Amino acid sequence: MIREMEYRYTLKDLPANCRPRERLAQYGPQSLSNSELLAILLRTGTPTETVLELANQLLAQPKGLRFLAEASVEELSAYRGIGLAKATQIKAAVELGRRVASVSPEIRPVIKSPQDVSLLVMDDMRFLDREHFRTIALNSKNQVVGIDTISIGSLNSSLVHPRELFRTVISRSAAAIVLVHNHPSGDPSPSREDLEVTRRIVEVGKLLGVEVLDHIIIGDGCFISLKEKGIIS
């Protein structure tokens, strides 16, 4: 008589909505158990254990999750089915979690004056060898929610189309913006083109309900505000 081979199920035999990776993708990581999250990190089990069974064994240690944080790579890799590669993956994930927990809440810069804009971008833009035209998107409290490069031009000019500019601004749900670009010559004096593009962008902003607060031109250690010059009312 031929003895039937014993069949052992794997995670692939489970319905898709029962597999850890698929469940995370569909329902989010919060819906997974500790063993399911660990199984995703481990990826594979052993010839005699599924990856979920392997994860449960590790978490069955007296300290549970704390064991993963305190154990060394050598201690983890000593477990059958873990090895060096999986041990380092576990320690890397634990360390990332620790660093995320230690990050302070984001502090957004607040723009109250042209000087605030200068402090924000001067060091980055004063030595650029091409004109970079950027928008600083602000929320209703004048906090910076994003800085985007709209165009990069030649030595003395950049081409800016309001359509491209406001597409980016609207995607950030900005309440207002500050325009900023640099003059590679180091002289921030506005050109005729600077004044024309500023007026055009201000008018489009009014139609879209996005206020253009100022246009700052960055030179070498100096700047000019078109708001202070009366170009923007």
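Residues numbered from 1 in each chain as written. Predicted model: local features only at pLDDT ≥ 70, side-chain atom pairs only at ≥ 80, totals over all residues. Heavy atoms only, no water.

Caption draft 1: Quick peek at the overall build of the protein chain. Within the protein chain, the secondary structure is distributed over nine helices and five strands. Listed N to C, the secondary structure of the protein chain is α-α-α-α-α-α-α-β-β-α-β-α-β-β in terms of helices and strands. Burial statistics for the protein chain: of 233 residues in total, 37% are counted as buried. Across the protein chain, the fraction of contacts at a sequence separation of at least 24, relative to all contacts at a separation of at least 6, is 57%. (Helix = DSSP H or I, 4+ residues; strand = E, 2+ residues; numbered from the N terminus. Buried < 20%, exposed > 50% of the residue type's maximum accessible area, 1.4 Å probe, protein only. Contact = heavy atoms within 4.5 Å.)

Caption draft 2: Structural view of the confidence of the model for the protein chain. Per-residue confidence for the protein chain averages 88 on the pLDDT scale, and 89% of its residues sit at or above 70. The least confident element of the protein chain, judged by mean pLDDT, is helix α1 (residues 20-27) at 86; the most confident is strand β5 (residues 223-225) at 98. The model gives residues 1-7 a pLDDT under 50, and that stretch makes one contact with residues more than four places away or in other chains. (pLDDT = per-residue confidence, 0-100.)

Caption draft 3: The pattern of salt bridges, seen in detail. All told, the structure shown has 14 salt bridges when counted by the stated rule. One salt bridge connects Glu-203 with Lys-206, and the closest N-O pair in it is separated by 3.7 Å. Within this pair, Glu-203 and its partner Lys-206 are both found in helix α9 (residues 192-208), separated by three residues, close to a single helical turn. Overall, the relative accessible area of 46% leaves Glu-203 in the partly exposed class. For Lys-206, a relative accessible area of 57% translates into the label exposed. Each of Lys-63, Arg-66 and Glu-70 takes part in salt bridges that share partners, so that together they form one network. (Salt bridge = Lys/Arg side-chain N within 4 Å of Asp/Glu carboxyl O.)

Caption draft 4: Quick look at the sheet that holds strand β1 (residues 132-138). Strand order in the open sheet formed by five strands is β2-β1-β3-β4-β5, with mixed pairing between adjacent strands. Each edge of the sheet is formed by a strand with only one pairing partner; in this case those strands are β2 (144-152) and β5. For this sheet the average axis-to-axis angle between neighbouring strands, irrespective of direction, equals 20°. (Pairing = 2+ DSSP bridges. Axes fitted to C-alpha atoms, helices over the stretch in contact; angles between N-to-C directions.)

Caption draft 5: Just the environment of Leu-68, in detail. One can find Leu-68 in helix α4 (residues 65-70). Taking the C-alpha atoms as reference points, Leu-68 and Lys-91, 23 residues apart in sequence, are found 7.4 Å from one another.

Caption draft 6: Structural context of unusual backbone geometry. One non-glycine residue, Arg-43, lies in positive phi territory at about 75°. Take Arg-43: it is sitting in the loop between α2 (34-42) and α3 (51-59). On the accessibility criterion, Arg-43 (66% relative accessible area) is exposed.

Caption draft 7: Representation of the packing of helix α8 (residues 162-171) against α9. For the pair α8 and α9, the least separation of the axes is 11 Å and the interaxial angle reads 45°. On the basis of the axis angle, α8 is oblique to α9. For α8 against α9, the interelement crossing comes out right-handed. Residue-level contacts link Pro-162, Leu-165, Phe-166 and Ile-170 of α8 to Arg-200, Ile-201, Val-204, Gly-205 and Leu-208 of α9. (Parallel < 35°, antiparallel > 145°, perpendicular 65-115°, else oblique. Left-handed = near helix turned anticlockwise from the far one by under 90°.)

Caption draft 8: Expanded view of helix α6 (residues 83-102). With 20 residues, α6 extends 29 Å between its outermost C-alpha atoms, agreeing within 8% with the 28 Å of an ideal straight helix rising 1.5 Å per residue. Those residues of α6 not exposed but buried are Lys-86, Ala-87, Ile-90 and Lys-91. For α6, the arc enclosing every buried residue in end-on projection is 135°, short of the 170-degree limit, so these residues lie on one face. Turned more than 90 degrees away from the buried face of α6, the exposed residues are Leu-84, Ala-85, Leu-96 and Val-100. Elements that come into contact with the buried residues of α6 comprise α2, α3, α4 and α5 (73-77). (Expected span 1.5 Å × (residues − 1). Arc of directions from axis to C-beta.)

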